[in-house]
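# Architecture and fold: a report
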Amino acid sequence: MFIQQNDNREARELYDQVRVLCWVMTSPQNLQEKAVHVRATWAQRCNKLIFISSVTNDSFPTVGIDVPEGREHLTGKTMKAFQYVFDHHFDDADWFMKADDDTYIFLENLRYFLSGQNKDSPIYFGHHFKASVKQGYFSGGAGYIISKEALKRFGAHGTNASMCRQDGGAEDAEFGQCMQNLGVKVGNSSDRLGRSRFHCFDPATHLMGNYPRWYHIFDAHGGESGRASISDYAISFHYVPPAMMYELEYFTYHLRPYGIHFGNLDLNQEVT
Amino acid sequence: MPGKMQTGSMNFVFGLSVGICFAYMGITYITSPTQRGLSASVKHMAISEDGPRVEVPRDSFLTHKDLDKIKKIIRPVQFNDSHSHHDNDTDAKKLYDKVRVLCWVMTSPQNLEKKAVHVRATWAHRCNKLIFISSVTNDSFPTVGIDVPEGREHLTGKTMKAFQYVFDHHFDDADWFMKADDDTYTILENLRYFLSGQNKDSPIYFGHHFKTIVKQGYFSGGAGYVISKEALRRFGAKGKQASLCRQDGGSEDAEFGKCMQNLGVKVGNSTDRFGRSRFHCFSPATHLMGGYPNWYYKYDSRGGKSGRKSISDYAISFHYVPPAMMYELEYFTYHLRPYGIHSGNQDLNNKVTLHRK
């Protein structure tokens with residue numbers, strides 16, 4: 001136990017005030033390769049943490065839902081996962097986040113952002129893609145987070161196949177279509193300086209801008225890159241392999257430049 | 001007939017060029033994950049202390065050979081946003097004035113746009129004085145050209161002449177004099193904090209300690225090492241004597257280490273109060289995960305520890321840092337922060353014992 005002269009009071013207050021349930025999409029073959037590192041790093045900061053797999057594993061633990069593994073069933077997995085969360089954990093949190101086992105989330109920054117939002121509003125947030133769905137949808141890998149009201153509507157109508165596709169297709173686009181059909185709006189999570197918080201690639205890619213070509217067509221913000229386009233209170237990155245998760249932990253919560261004291265930044269936008 | 005042969009050759013060249021273009025695009029796209037995230041190449045890792053143990057392939061660290069393969073030129077990233085930070089850096093600024101550090105960075109003409117430009121765009125602007133050493137003078141970059149050919153077999157010569165240059169031209173410009181490579185990342189605030197507890201008039205130098213080859217050990221060249229004013233003075237006086245300091249050939253860091261020992265300059269201990277390391281000869285992921293090559297366990301004077309708890313919160317350097325990672329380190333160290341966690345100053349320096357002259 002190392003003595004770090006941190007003042008964590010504000011972060012701890014937000015932990016109590018803005019309760020976040022994280023469900024992490026994983027699979028039996030990824031448990032020891034990926035999920036274990038998620039569990040060892042950022043996921044311990046969620047108020048409630050659930051690993052969703054096709055198989056129940058009591059010791060890890062994972063919740064097994066009745067969907068086969070494979071990319072063609074990711075939609076089914078997501079739909080059943082949110083149903084499971086609604087059925088068993090509706091009262092445990094204010095906001096409900098989906099992440100992959102190669103997503104890294106900065107929970108303090110997520111709570112800070114959400115502290116300026118209304119959990120009883122039908123809304124959800126993430127990295128915005130402007131294709132496929134009229135109002136756009138959020139990248140699955142970057143993580144997306146839905147309000148309590150959004151989960152309530154999903155709980156009521158989510159198994160209705162005419163509103164929400166039950167399986168097949170691209171998981172994030174199908175969930176986005178479902179949200180739109182339920183009247184849940186896409187929210188804007190850019191900070192006050194217009195910089196992004198949720199990211200569907202790893203830090204180096206967003207910093208350097210070596211995006212694949214499809215990204216410039218999908219990204220609602222035109223595929224900006226560079227340090228000035230990324231918030232200091234970034235919330236998520238994707239395609240983060242296990243070793244990088246430990247790097248991010250070390251850089252964010254341990255390594256410090258001596259003599260520079262970070263102040264609080266006022267980076268949330270006014271909510272209209 | 002010449003006309004037909006020319007057409008045939010041109011077709012061949014055209015086809016070859018197109019093929020190479022597609023191959024390059026394909027390779028760039030496919031390998032860019034490796035360029036962007038070093039740790040993307042690590043499939044399984046051994047985690048010391050922090051979590052479960054998994055097998056790690058011995059070559060999960062990157063060598064210079066790997067880094068040289070990264071041919072793609074990366075555009076320097078701009079970082080001007082200090083206006084939006086509400087940081088209090090009074091302590092860091094005070095140390096900047098009190099503990100003056102001259103950094104000389106070893107580079108070469110072929111590495112200027114590939115590596116040195118990213119060093120210049122990131123950590124190196126925090127040095128009190130910055131000099132890029134190359135075999136060729138370049139007034140616009142700028143680099144100082146010293147009369148030594150490029151190539152690994154001349155790194156010792158480059159280092160000897162670089163320190164001589166620094167002694168001849170910049171002795172009064174700093175209190176401490178650091179050598180770094182163009183794939184070293186250094187956190188200057190933490191270097192100054194460490195040096196603020198040391199004596200610049202003592203014949204001493206610091207870095208990542210290897211216990212072999214030299215009786216008192218020596219410091220890894222890639223991790224960066226920093227010598228005191230007194231050490232530079234002694235080097236300036238006697239460094240050209242071949243009997244004391246080998247003028248070229250051999251391993252640069254080991255030879256410089258022998259030279260220091262012959263001049264009575266001691267290896268100093270830079271671990272923090274909890275015994276954690278500050279200078280590092282590999283990348284952060286390697287030290288965190290412990291995917292060391294076999295030789296490291298014979299060289300490292302602290303037994304090749306790894307894991308987050310063996311690394312100081314006030315780490316000073318890492319090595320084998322490619323350009324993309326330099327920008328990541330800048331972003332993570334100076335920009336990204338977790339909301340609501342305010343880190344105070346930690347008292348991590350050891351008490352200094354008096355050194356004999």
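The preceding data block contains the structure.
Here is a short report on the structure shown in this document. (Residues numbered from 1 in each chain as written. Chains lettered and ligands numbered in written order. Predicted model: local features only at pLDDT ≥ 70, side-chain atom pairs only at ≥ 80, totals over all residues. Heavy atoms only, no water.)

### Observations regarding the interface of chain B and chain A
Interfaces are often sized by the amount of accessible area the parts lose when they come together. Applicable threshold: By definition in these notes, contact holds between two residues if any of their heavy atoms fall within 4.5 Å. Summed over both partners, the accessible area lost on bringing two parts together, with a 1.4 Å probe, is the buried area. We define a salt bridge as a side-chain nitrogen of Lys or Arg found within 4 Å of a carboxyl oxygen belonging to Asp or Glu. Labels follow the DSSP assignment, with helices taken as runs of H or I lasting at least four residues and strands as runs of E lasting at least two, numbered in each case from the N terminus.
The interface is formed by 66 residues belonging to chain B together with 59 residues belonging to chain A. Counting the surface lost from both chain B and chain A, the interface buries some 6200 Å², and carbon and sulfur atoms represent 64% of this. For the pair chain B and chain A, the interface holds 0 salt bridges. Breaking the side of chain B that touches chain A down by element, the ones donating at least two residues are α1 (2-36), α3 (90-98), α6 (188-195), α9 (284-289), α11 (323-334) and β12 (342-343) of chain B. A total of 9 residues in the side of chain B that touches chain A trace back to one element, the largest contributor, which is α11(B).

### A look at the pairing of strand β2 (residues 20-25) of chain A
A regular strand places its side chains on the two faces of the sheet in alternate fashion. Residue and element names in this part refer to chain A. Rules: Exposure is judged per residue with a 1.4 Å probe applied to protein chains only, and the accessible area is read against the type maximum: over 50% gives exposed, under 20% gives buried, and values in between give partly exposed. Should DSSP find at least two bridges between two strands, the strands are taken to pair. The handedness of a crossover follows from its direction of travel: if, with the strands pointing away from the viewer, the path from the first strand over the helix to the second runs clockwise, the crossover is right-handed.
Most of β2 sits out of view: 6 of its 6 residues are buried. Residue alternation in β2 divides its side chains into two sets, V20, C22 and V24 and L21, W23 and M25, and both sets are buried. Across 6 bridges, β2 lies against strand β5 (residues 95-100) in parallel orientation. Its bridge partner being in β5, W23 is matched across the sheet by K98. Where β2 meets strand β3 (residues 48-53), 5 bridges bridge the pair, whose relative direction is parallel. Bridging across to β3, W23 finds its partner in I50. Between β2 and its parallel partner β3, the chain crosses via helix α2 (residues 31-40), and the hand of that crossover is right-handed.

### Notes on the side chain of B:D182
Residues and elements named next belong to chain B. The criterion, for reference: When charges are counted, Lys and Arg are positive and Asp and Glu negative, with His and the chain ends excluded. Definition of a polar contact: a pair of N or O atoms within 3.5 Å, with one able to donate and the other able to accept a hydrogen when the atoms are protein atoms, and with sequence-neighbouring residues admitted only if both atoms are side-chain atoms.
In this structure, D182 sits in the loop between β4 (176-181) and β5 (185-186). The side chain of D182 sits in the buried core without any salt bridge; K115 is the nearest counter-charge, 4.2 Å away. Of note is the side chain of D182, whose polar atom sits 3.3 Å from the side chain of N111. Residues within four places of D182 in sequence aside, it is in contact with V105, M106, T107, N111, K115, A116, V119 and M326.

Limitation: the analysis is restricted to geometry and does not speak to function.
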